[in-house]
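Survey of secondary and tertiary structure
In case you want the letters, here they are:
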Amino acid sequence: MTGVRATAAAASTAPMEGALSRLKEIVGPAGILEEPEEMEPFRVGFGGAFRGEAALVLRPASTAQVAQVVATCAQARIPMVPQGGNTGLAGGAQPDDSGRAVIIALDRMRRVRAVDGANDTLTVEAGVTLAEVQQAAQAVDRLFPLSLASEGSCRIGGNLATNAGGTQVLRYGTMRALTLGIEAVLPDGRVFDALRGLRKDTAGYDMKQVFIGSEGTLGIITAAVLRLFPRPRVVETAMAGIADAAAAIRLLGLARARLGEGLSAFELMRAPSLDFAVAAVPGLSSPFAGRHAWYLLIEASGQAEGDGLRQALDGMLEAGLEEGLVEDAVVAASGEQRRRLWGLREAQAEAQKHAGRGVKHDISVPVSAIPDFIARADTALQRAFPGILPFAFGHVGDGNLHYNPIVPRDWSEATRAARQGEINRIVHDVVAALGGSISAEHGLGQLRVAEAEHYKSAVELDLMWALKSALDPHGLMNPGKVLRAQP
Ligand SMILES: Cc1cc2nc3c(=O)[nH]c(=O)nc-3n(C[C@H](O)[C@H](O)[C@H](O)COP(=O)(O)OP(=O)(O)OC[C@H]3O[C@@H](n4cnc5c(N)ncnc54)[C@H](O)[C@@H]3O)c2cc1C
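Keep in mind the model is a prediction, meaning the values are calculated, not measured. (Residues numbered from 1 in each chain as written. Predicted model: local features only at pLDDT ≥ 70, side-chain atom pairs only at ≥ 80, totals over all residues. Heavy atoms only, no water.)

From N to C terminus, the chain includes 16 helices and 19 strands. Relative to the globule expectation of 23 Å for 487 residues, the C-alpha radius of gyration of the chain, 23 Å, shows essentially globular dimensions. Across its three principal axes, the chain shows a C-alpha extent of roughly 75 × 55 × 45 Å. Nonlocal contacts in the chain, meaning residues at least 24 apart in sequence, comprise 75% of its contacts between residues at least 6 apart. When the accessible surface of the chain is split by element, carbon and sulfur atoms take 52% of a total near 20,300 Å². Of the charged side chains in the chain, 48 are positive and 54 negative, and the gap between their average positions amounts to 3 Å. (Helix = DSSP H or I, 4+ residues; strand = E, 2+ residues; numbered from the N terminus. Rg over C-alpha atoms; globule rule 2.2 N^0.38 Å. Contact = heavy atoms within 4.5 Å. Areas by Shrake-Rupley, 256 points an atom, 1.4 Å probe, with all protein chains shown as cover. Lys, Arg positive; Asp, Glu negative; His and termini not counted. Charge placed at Lys NZ, Arg CZ, Asp CG, Glu CD.)

Listed below in structure tokens is the structure:
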């Protein structure tokens, strides 16, 4: 059935204690965590940057249980914080310090509900991990292309709620482009059932889009219909050493022209971030004899067996060498060599820890503006904070950089924290001047709410508030994330 189903969500003045007992009854003993040490892993975000308090952690096992939990919380005015794999990087899955909220973890909703090979779709519940979705697709000889370094832990509900990106967006798009249908529980407990596997549907507003990327502030996603793709038969991977970001963008144009739709990843790393990756992770090494200022990881994939794709990749790199865009290049000759090249890219988070204290940014600008962004942000930061170390990597083919300068070594953590706002302002002003976004793929969470308020227009903020107020008039669904908490 498709549509909005009503549940008994009549207003009530049920006291908090009564509501908590009712919540425990709904999920049963297997779905409740209330001891501080049991709740701790859910209260702390990835890397320990965010922590909150919670009255309970609830782990419903079905959509019906989620709906009953949400209706009960709504009646008792208990704030709710949805959580998936807890790998988010913006503090979106952590409650505030009041201890009033409940965390609603979707990790027990693990069913693959349907596989439709002829329609190329997979219907899964929100708690299935991304790696499990990839495996389920592989089991029917298909590809689910979303790929993140956190894929063993992050869950599909979290991927949807953050509109996750990753390394294959260039070819397949973000989570939004990979989703045909959604089931979500609204902030009053009603179930919005739009689990449709349709590629064309112009019957009114596309309401599922409202929930994708809403970071749990408009409802709880319980299931989704995902798009599957043919599994590539051939994958070719190369790494190129280049002189600057302008060369990267010109080479991207060349790669698009030579490899067409086959181009699936185009990732940029700056010299220091590659050096720190090699230093931080045993077994990693640079594939080049010399050092280059920047590195590109380029991947192409296709269906046609044979060496046509390899020839196209080689041809593109040779043309890049002739045009002076490429200083040196290697092409992986085996699966092991491919894994070693990707290992350098996937070690960037480790590399960053090894490099020192940093200030993280997840920005996007038009692809053509990437060189300008780097030049302007580097110059402005060096002028303001001499000794700051440039550190950047990211999905440059999508115009998305994790631009995370490392602060001077003599700064204490307190100094870094005190100056983070100034650094953000310098970087985000450049982003804004170039028509970019201060959050490309990690979401605003609680980390970037004030920054978003600073840069978004009054009209855009009004529209966001109109949506929030219409769906969640009491501000109970993940308060303080994306938008400021209502007083
Ligand atoms: C090493 C590492 C690498 C990463 N690389 C990338 C990358 O390349 N690209 C990228 O986009 N991200 C990346 N991330 C960030 C993170 O993995 C993604 O944001 C991911 O989509 C979060 O999924 P999760 O299940 O862990 O969500 P959580 O962290 O649990 O939650 C994230 C947000 O979604 C909400 N939420 C979770 N589940 C639901 C639900 N069912 N319904 C409604 N709201 C919900 C939460 O309230 C929160 O606001 C990386 C993280 C790490 C640690």
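A few words on the confidence of the model for the chain. Per-residue pLDDT for the chain averages 95, and the proportion of residues at 70 or more is 97%. Contacts from residues 1–13, a stretch scored under 50 in pLDDT, to residues over four places away or in other chains number 24 contacts. (pLDDT = per-residue confidence, 0-100.)

Judged by nonpolar contacts, the single largest core of 52 residues is most densely connected at Leu251, Phe266, Leu296, Ile298, Met316, Phe373 and Ile423. Of all the elements in the fold, those that place two or more residues in this core are β13 (234–242), α8 (245–259), β14 (263–270), β15 (294–302), α10 (308–322), α13 (370–384), β19 (400–403) and α14 (413–433). For this core, the domains that each give at least three residues are domain 3 (234–349) and domain 4 (356–448). Ignoring any residue separated from it by four or fewer positions in sequence, one finds Phe373 in contact with Ile363, Val365, Leu401, Tyr403, Val427, Val430, Val431 and Leu434. (Core = buried A, V, L, I, M, F, W, Y, C linked by side-chain atoms within 4.5 Å. Buried < 20%, exposed > 50% of the residue type's maximum accessible area, 1.4 Å probe, protein only. Domains from an automatic or database assignment.)

Here Leu325 shows up in the loop between α10 and β16 (328–331). On the basis of relative accessibility, which here comes to 3%, the residue Leu325 falls in the buried class. Sequence-wise, Leu325 and Arg199 are 126 residues apart; in three dimensions their C-alpha atoms are separated by 40 Å. Setting aside anything within four residues of it in sequence, one finds Leu325 in contact with Ile242, Ala247, Arg250, Leu251, Leu254 and Gly320.

Helix length check: α14 (21 residues) gives 30 Å between terminal C-alpha atoms against 30 Å at 1.5 Å per residue, within 8%. A bend of about 45° at Arg419 is the largest found in α14. Listed in full, the buried residues belonging to α14 are Arg416, Ile423, Asn424, Ile426, Val427, His428, Val430 and Val431. Next to the buried residues of α14 lie β17 (362–364), α13, β19 and α15 (449–455). Positioned one or two residues after α14, Gly435 has a phi angle of 75°, which is positive. (Expected span 1.5 Å × (residues − 1). Bend = angle between axes of the 7 residues up to and from the residue.)

What follows deals with the domain arrangement of the chain. Along its sequence, the chain is organised into domain 1 (3–108), domain 2 (112–230), domain 3 (234–349) and domain 4 (356–448). The C-alpha-based centres of domain 2 and domain 3 are spaced at 29 Å. Contact residues are listed per partner, giving five residues for domain 2 and 12 residues for domain 3. Both faces combined, the contact of domain 2 with domain 3 buries some 780 Å², and carbon together with sulfur accounts for 50% of it. Interface area lost by domain 2 to domain 3 is led by Thr167, Leu170 and Arg171, which between them contribute 73%. (Buried area = accessible area lost by both parts, 1.4 Å probe.)

The N-to-C vectors of α13 and α14 enclose an angle of 155°; their axes lie 10 Å apart at closest approach. One finds that α13 runs roughly antiparallel with respect to α14. Relative to α14, the crossing made by α13 is right-handed. Each of Phe373, Arg376, Ala377, Ala380, Leu381 and Ala384 in α13 lies in contact with α14, whose residues at this interface are Ile423, Ile426, Val427, Val430, Val431 and Ala433. Residue composition of the contact of α13 with α14, grouped by class: 11 nonpolar, no polar and one charged. (Axes fitted to C-alpha atoms, helices over the stretch in contact; angles between N-to-C directions. Parallel < 35°, antiparallel > 145°, perpendicular 65-115°, else oblique. Left-handed = near helix turned anticlockwise from the far one by under 90°. Nonpolar A, V, L, I, M, F, W, Y, C, P; charged D, E, K, R; others polar.)

The strand order across the open sheet built from four strands is β2-β3-β5-β4, with neighbouring strands paired in mixed fashion. Strand pairing shows two members of the sheet lacking a second neighbour, β2 (32–33) and β4 (80–83), which therefore form its edges. Lying over the sheet, helix α1 (residues 16–27) contacts β2, β3 (56–58) and β5 (102–105), oriented at roughly 30° with respect to β3. (Pairing = 2+ DSSP bridges.)

Once that is clear, we can look at the side chain of Arg43. When you line up the elements, Arg43 lands in helix α2 (residues 36–43). Under the relative-accessibility criterion, Arg43 is labelled buried at 7%. Within polar-contact distance, the side chain of Arg43 engages the side chain of Glu40 at 2.9 Å. Only 3.2 Å separates the side chain of Arg43 from the side chain of Glu53, close enough to count as a polar contact. Apart from residues lying up to four places away in sequence, Arg43 is in contact with Pro36, Phe50, Arg51, Gly52, Glu53, Ala54, Gln94 and Ile103. (Polar contact = N/O pair within 3.5 Å; in protein donor to acceptor, adjacent residues only side chain to side chain.)

Close contacts around the ligand come from 35 residues, with Pro82, Gly84, Thr87, Gly88 and Ser150 the closest. Within the side chain of Thr87, an N or O atom sits 2.7 Å from an oxygen atom of the ligand. At 2.9 Å from an oxygen atom of the ligand is found a side-chain nitrogen or oxygen belonging to Asn159. Put simply, the parts of the chain that give the shell around the ligand at least two residues each are β4, α5 (156–161) and β11 (220–227). Looking at the shell around the ligand element by element, the count peaks at four residues for α5. By residue class, the composition of the shell around the ligand is 13 nonpolar, 19 polar and three charged. (Near = heavy atom within 4 Å.)

Now for the pattern of salt bridges. Where charged atoms from two side chains of opposite charge approach closely, those side chains can pair. Applying the stated criterion to the full structure yields 32 salt bridges. The partner of Glu323 in a salt bridge is Arg250, with the nearest N and O atoms 3.8 Å apart. Of this pair, Glu323 sits in the loop between α10 and β16 while Arg250 is found in helix α8, placing the two residues 73 residues apart along the sequence. Across the salt bridge formed by Arg310 and Asp314, the nearest N and O atoms sit 3.1 Å from each other. Of this pair, Arg310 and Asp314 both sit in helix α10, separated by four residues, roughly a single helical turn. Each of Glu40, Arg43, Arg51 and Glu53 takes part in one network of salt bridges that share partners. (Salt bridge = Lys/Arg side-chain N within 4 Å of Asp/Glu carboxyl O.)

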